[in-house]
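Listed below are the residues making up each chain.
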Amino acid sequence: MMTTVAIAGFAVAGLCGLYRLLRGPSLADRVIAVEVALVSLVGGIAVDAADRGSQTFLVLLIVIALVGLAGTFAASRFLERDTDLANPRTKP
């Protein structure tokens, strides 16, 4: 029973993230939405694995978390570079 409630909560959070991904007005909103969706996916898989008592999906959890982290780092670097190009500073 508790597992079903937790997985449903992660599913709702993931759907909210996907909605923001599709409707987000800026690229930063979309990056955060992808991160929310991935964290929700990892949480749902972790709850299911704990309920089953299985360690099969632990490697998958690590891979999803690392891909999400690398994607967030890459997007933040891109946004930072894009902001620097849009607002050039005058050098003395």
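Definitions and cut-offs
- Residues numbered from 1 in each chain as written.
- Predicted model: local features only at pLDDT ≥ 70, side-chain atom pairs only at ≥ 80, totals over all residues.
- Heavy atoms only, no water.
- Helix = DSSP H or I, 4+ residues; strand = E, 2+ residues; numbered from the N terminus.
- Buried < 20%, exposed > 50% of the residue type's maximum accessible area, 1.4 Å probe, protein only.
- Contact = heavy atoms within 4.5 Å.
- Areas by Shrake-Rupley, 256 points an atom, 1.4 Å probe, with all protein chains shown as cover.
- Axes fitted to C-alpha atoms, helices over the stretch in contact; angles between N-to-C directions.
- Parallel < 35°, antiparallel > 145°, perpendicular 65-115°, else oblique.
- Left-handed = near helix turned anticlockwise from the far one by under 90°.
- Nonpolar A, V, L, I, M, F, W, Y, C, P; charged D, E, K, R; others polar.
- pLDDT = per-residue confidence, 0-100.

Focus on the overall build of the protein
Piece 1. When you go through the protein residue by residue, the secondary structure sums to three helices and zero strands.
Piece 2. Shown N-terminal to C-terminal, the secondary structure of the protein runs as helices and strands in the order α-α-α.
Piece 3. Within the protein, buried positions represent 16% of all 92 residues.
Piece 4. Intrachain contacts of the protein at a sequence separation of at least 6 include 48% that bridge at least 24 residues.
Piece 5. Split by element, the accessible area of the protein, about 6,900 Å² in all, is 70% carbon and sulfur.

Focus on the packing of helix α1 (residues 2–23) against helix α2 (residues 27–52)
Piece 1. Across the interface, α1 lies against α2 with an axial gap of 8 Å and an inter-helix angle of 165°. One way to sum up the angle between α1 and α2 is to call them roughly antiparallel. When you trace α1 past α2, the crossing you get is left-handed. Of the residues in α2, those touching α1 at Thr3, Ala6, Ile7, Phe10, Ala13, Gly14, Gly17, Leu18, Arg20, Leu21, Leu22 and Arg23 are Asp29, Arg30, Ala33, Val34, Val36, Ala37, Ser40, Gly43, Gly44, Val47, Asp48 and Asp51.
Piece 2. Taken together, the residues of the contact of α1 with α2 break down into 12 nonpolar, six polar and six charged.

Observations regarding the confidence of the model for the protein
Piece 1. Here the protein shows a mean pLDDT of 88. Residues at 70 or above account for 89%.
Piece 2. By mean pLDDT, helix α3 (residues 58–86) is the weakest element of the protein at 85, and α1 is the strongest at 94.

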